[in-house]
Amino acid sequence: MFEQELKERGVEVQVALEMGSRESVREAVAEGLGLGVVAETAYRPDPRLVKLTISDTSMATQVHFICRKERHQAPLISIFLGLAHSVSQKIA
């Protein structure tokens, strides 16, 4: 998503490395390997890093909940998923 936003703005970057988790991104940046991009919701303060906010964008990520098929109707899971659906409808 970030790369697409840059492309739409006419900025070309060469991605050298892709990480599988925000923790690995944070550690790579802390070790001096470059710039890391994580969603606002995934960012955790770290004294070794400086957070740079992009304010003029409409980028957004999606969150997905998953559970085992046979547990979908379990009371707690069912209530949680119902609440999550209700919140998502208010946001959209």
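Residues numbered from 1 in each chain as written. Predicted model: local features only at pLDDT ≥ 70, side-chain atom pairs only at ≥ 80, totals over all residues. Heavy atoms only, no water.

Participant: Mind showing me how you'd approach the overall build of the protein chain here?
Facilitator: Scanning the protein chain for helices and strands turns up three helices and zero strands. Secondary structure elements in the protein chain, listed N-terminal to C-terminal, are α-α-α. For a compact globule of 92 residues, the expected C-alpha radius of gyration is about 12 Å, and the protein chain comes in at 18 Å, more than 25% above that figure. Once the C-alpha set of the protein chain is aligned to its principal axes, its extents read approximately 45 × 30 × 25 Å. Counting the 92 residues in the protein chain, one finds 10% classified as buried. At a minimum sequence separation of 6, the contacts of the protein chain that also span at least 24 residues come to 26%. Counting every atom, the protein chain has about 8,300 Å² of accessible surface; 57% of that belongs to carbon and sulfur. Taken as two groups, the 11 positive and 12 negative side-chain charges of the protein chain have centres that lie 11 Å from each other. (Helix = DSSP H or I, 4+ residues; strand = E, 2+ residues; numbered from the N terminus. Rg over C-alpha atoms; globule rule 2.2 N^0.38 Å. Buried < 20%, exposed > 50% of the residue type's maximum accessible area, 1.4 Å probe, protein only. Contact = heavy atoms within 4.5 Å. Areas by Shrake-Rupley, 256 points an atom, 1.4 Å probe, with all protein chains shown as cover. Lys, Arg positive; Asp, Glu negative; His and termini not counted. Charge placed at Lys NZ, Arg CZ, Asp CG, Glu CD.)

Participant: What is the right way to read the packing of aromatic side chains from this model?
Facilitator: Each aromatic ring pair is specified by the distance between its two centres and by the angle formed by the two planes. Using the criterion set out here, one finds one aromatic pair in the structure. Ring centres 4.9 Å apart and planes at 85 degrees place the aromatic pair Phe65 and Phe80 in the edge-to-face group. Of this pair, Phe65 sits in the loop between α2 (22-30) and α3 (75-91) while Phe80 sits in helix α3, and the two are 15 residues apart along the sequence. What makes Phe80 partly exposed here is its relative accessible area of 44%. (Phe/Tyr/Trp six-rings, centres within 6.5 Å; stacked < 30°, edge-to-face > 60°.)

Participant: What am I meant to see in the environment of Ala39 here?
Facilitator: Mapping Ala39 onto the fold places it in the loop between α2 and α3. In this structure, the C-alpha to C-alpha distance between Ala39 and Phe2, residues 37 residues apart in sequence, is 9.6 Å.

Participant: What exactly am I supposed to notice about α2 here?
Facilitator: Every α-helical turn comprises 3.6 residues, leaving residues that sit three or four positions apart pointing alike. Of the residues making up α2, those classed as buried are Val25, Arg26 and Ala28. Down the axis of α2, the buried set is contained in an arc of 165 degrees. They therefore lie on one face. At the exit of α2 stands Gly32, carrying a positive phi of roughly 90 degrees. (Arc of directions from axis to C-beta.)

Participant: Is there a simple way to explain the pattern of salt bridges in this structure?
Facilitator: Two side chains that carry opposite charge are able to pair once their charged atoms sit near each other. All chains considered together, the criterion is met by nine salt bridges. The residue Arg9 makes a salt bridge to Asp56 at a minimum N-O spacing of 3.3 Å. Here Arg9 is found in the loop between α1 (2-8) and α2, whereas its partner Asp56 is found in the loop between α2 and α3, with 47 residues between them in sequence. Exposure remark for Arg9: the relative accessible area of 42% places this residue in the partly exposed category. On the accessibility criterion, Asp56 (53% relative accessible area) is exposed. In this structure, Arg48 engages Glu27 in a salt bridge whose closest nitrogen and oxygen atoms are separated by 2.7 Å. Linking Arg48 in the loop between α2 and α3 with Glu27 in helix α2, this pair joins segments that are 21 residues apart in sequence. It is possible to trace a salt-bridge network through shared partners that takes in Arg26, Glu27, Asp46 and Arg48. (Salt bridge = Lys/Arg side-chain N within 4 Å of Asp/Glu carboxyl O.)

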